[in-house]
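Chain and residue survey
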Amino acid sequence: MINAVLVFNNNGQPRLTKFYTQLDTSVQQRLISEIFTLVSARPNSACNFLPLPPLLAPSSSSNSASAQSNDVPSLVTYRHYATLYFILISTSTESPLALLDLIQVFVEALDRLFENVCELDLIFNFEVLHAVLGEMVVGGIVVETGVERVVEGVRAQGRVAKRPVNEGGRGGLGPGIWAGR
């Protein structure tokens, strides 16, 4: 399961933070800061996988069942593209290579929607960023990894949002509902 998706710029400013598990805001902020510090300090030649920082790592003193230990966040997977870091926090049940592929598909979908995506596209069109992520991951579970289908789904959402609500005055309550007020 994916526990969080984070996107940072090179200065550590979050451009996307989506948590699929419940965490206090203060813990989220500390986690974001720690993960950026760890990821940004690594050389480009280092691998793209890290163990989760101690802030969320499971404590060794807990007596949880082994089935529950698979649901504990344990891995940080990231890719660095130009000025942005794309980071996934996941459980041990997710394949690290599949997560790298998921990041690649995420970036490719953004690139197709924005024609050469840059950081400003993500800042000013954050709803598209969230829509792409929503097409790919639902509740921490990966539901779609096909770039074409993700892009199609996001474009379809845009067409639905731009369609007029009351075309020709038919449907709904009509324009006269507020006439007496």
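Residues numbered from 1 in each chain as written. Predicted model: local features only at pLDDT ≥ 70, side-chain atom pairs only at ≥ 80, totals over all residues. Heavy atoms only, no water.

Sheet strands line up and pair through hydrogen bonds in the backbone, either parallel or antiparallel. The sheet built from five strands is open, its strands ordered 2-1-5-4-3 with antiparallel pairing. The strands lining the two open edges of the sheet, one partner per strand, are strand 2 (14-19) and strand 3 (49-51). If you compare each strand with its neighbour and ignore which way they point, the axes differ by 20° on average. Sheet contacts for helix 3 (residues 96-114): strand 1 (2-9), strand 2, strand 3, strand 4 (73-81) and strand 5 (84-91); angle to strand 4, the most-contacted strand, approximately 40°. (Pairing = 2+ DSSP bridges. Helix = DSSP H or I, 4+ residues; strand = E, 2+ residues; numbered from the N terminus. Axes fitted to C-alpha atoms, helices over the stretch in contact; angles between N-to-C directions. Contact = heavy atoms within 4.5 Å.)

As for its placement among the helices and strands, Val 72 is situated in the loop between helix 2 (66-69) and strand 4. Put simply, Val 72 and Thr 93 are 21 residues apart on the chain and 9.4 Å apart in space, counted from C-alpha to C-alpha.

Another aspect to go through is unusual backbone geometry. The phi angle at Ala 82 is positive, at roughly 50°, despite the residue not being glycine. Turning to its location among the elements, Ala 82 is positioned in the loop between strand 4 and strand 5. According to the relative accessible area criterion, Ala 82 is exposed, its value standing at 70%. Residues other than glycine seldom take positive phi values, yet Glu 115 does so here, at roughly 50°. Classification of Glu 115 by relative accessible area gives exposed; the value is 61%. (Buried < 20%, exposed > 50% of the residue type's maximum accessible area, 1.4 Å probe, protein only.)

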